[in-house]
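# Working through the structure, step by step
Read off the chains here:
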Amino acid sequence: MKKLSALLLAMAMVLSLAACSNNNADPTQGASNPPAASQPGSEESNPPEESTAPSEAPAGPVENPDDIPDTMTSADNKYQVAFITDVGQLKDKSFNQGTFDGVKLYAAANNKSYKYYQPANGDQATDDDRYNAMKAAVDGGAEVVVCAGFMQTAALSRAAAEFPEVPFVFIDGSPIDGCDNVAAIAFAEHQSGYLAGYAVVKEGYEKLGFSGGGGGTNPACCRFGYGFVQGANAAAAELGKTVDINYSWEYGANFGASTELQTMISGWYNNGTEIVFACGGSMFQSIVAAAAANDGDVIGVDVDQSAQSETVVTSAMKGLSTSVQWAVAKVYDNSFSDIGGKGTSLGAKDDAVGLPTATWKMETYTVAEYEAQLADMASGKLVVDSMETEADFAKLADTEWSNVNLNVI
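In this report, we go over the structure that sits alongside the text.

Rules and cut-offs
- Residues numbered from 1 in each chain as written.
- Predicted model: local features only at pLDDT ≥ 70, side-chain atom pairs only at ≥ 80, totals over all residues.
- Heavy atoms only, no water.
- Helix = DSSP H or I, 4+ residues; strand = E, 2+ residues; numbered from the N terminus.
- Buried < 20%, exposed > 50% of the residue type's maximum accessible area, 1.4 Å probe, protein only.
- Contact = heavy atoms within 4.5 Å.
- Pairing = 2+ DSSP bridges.
- Salt bridge = Lys/Arg side-chain N within 4 Å of Asp/Glu carboxyl O.

So, on to the environment of Gly 252. You can see Gly 252 is positioned in the loop between strand S7 (243-248) and helix H7 (259-270). On the accessibility criterion, Gly 252 (0% relative accessible area) is buried. When the C-alpha positions of Gly 252 and Cys 279 are compared, they lie 9.1 Å apart, and in sequence the two are 27 residues distant. With residues up to four places along the chain from it excluded, the contact list for Gly 252 reads Gly 212, Gly 213, Gly 214, Gly 215 and Met 283.

What follows is the structure, given as structure tokens:
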């Protein structure tokens, strides 16, 4: 992810210099201003998960998002950069947290106020609940609203049409017809999943598992899983062996941890599964608990989850934080029209997917082998099949895998 990170650093330096040279300049630098209203207290359905409340946004470069408080109080009671969470916990050590990290890092580097909003009713949130969170953000002075997860689509369609002057960044979403103020940012998760599946089979694992969130209809999770099986199949073919994969969407519809999920995964480990790809936000907690109790291993998702459990061997990552910073920067440098009304897909060619070689626990598969494969993926020499529509979701079961025994549960 070096290219995207370097670009973000350059943008942050330019924005910081501009802020230092003219502290009274319009913060939107020509972008339309959102409604200026006081921050509502009752419309944010869930209380902050941390009580730290500095009087203003942190300023200056911060490398670790954990050093930035999740909540703050702005001097004018307005919050410039807003985040609408997906289902699950804000601090899920995965999708929500990785996206919010980008919001906090941008705000900290550019002296912006920020706030997160969780739709009412938690995992049972409706489209109205999500819309109300978006409206609360706009009423609270948001100059840009970052929305996480494809489940925001219906609510975002309504909010973007109602507030055309407010730019929205839609992470893991698709373009919305007629809404030029929505920038949809997606990722080539199939590439990241492939890298993980290939790596662990090359490492020597022969009995794998995949446990996904969203009930099998979440495009990002489907791409992760489909790529994972492709990578495992390719590595097994090179090694002249056949590997087994348990593959399931059970107990993952709301991406939450559950005793039912932990019980199922424990059963997998007891029956010989060696490593499970935990692909679903807070589902990770149930899967690592099962792994720890059964001497099993885990593959994390979205961000580097190695610090969360000794069971994590590697993680299939995508550039959530860096992509958010990149997209939000376009609001403030007046180039949002480059991505607004369009879909942007980021993958290996953008250094936006990969495995964390600094923390992985590979002993047989080498960093040099991984980097060569990633380079082939970035150049187009290695092409991984994707899933882009619901009609594609049948590809997994319909494919005759040469070197994988796929057990879809």
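Moving on from the model shown.
On to the pairing of strand S11 (residues 343-346), then. Side chains Thr 344 and Leu 346 of S11 all project onto a buried face; the interleaved residues Gly 343 and Ser 345 project onto a face where none is buried. Across four bridges, strand S5 (residues 182-187) lies against S11 in parallel orientation. For Ile 185, the partnering residue across the bridge sits in S11 and is Thr 344.

Turning our eyes to something else, we now look at the pattern of salt bridges. Opposite charge on two side chains allows them to pair when their charged atoms are near. Under the defined criterion, the tally for this structure stands at 18 salt bridges. Residues Lys 318 and Asp 302 are paired through a salt bridge, measuring 3.8 Å at the closest nitrogen-oxygen approach. Taken together, the residues Lys 318 in strand S10 (residues 312-318) and Asp 302 in strand S9 (residues 297-302) connect sequence positions 16 residues apart. Taken individually, Lys 318 and Asp 302 each receive the classification buried, so the pair is uniform in this respect.

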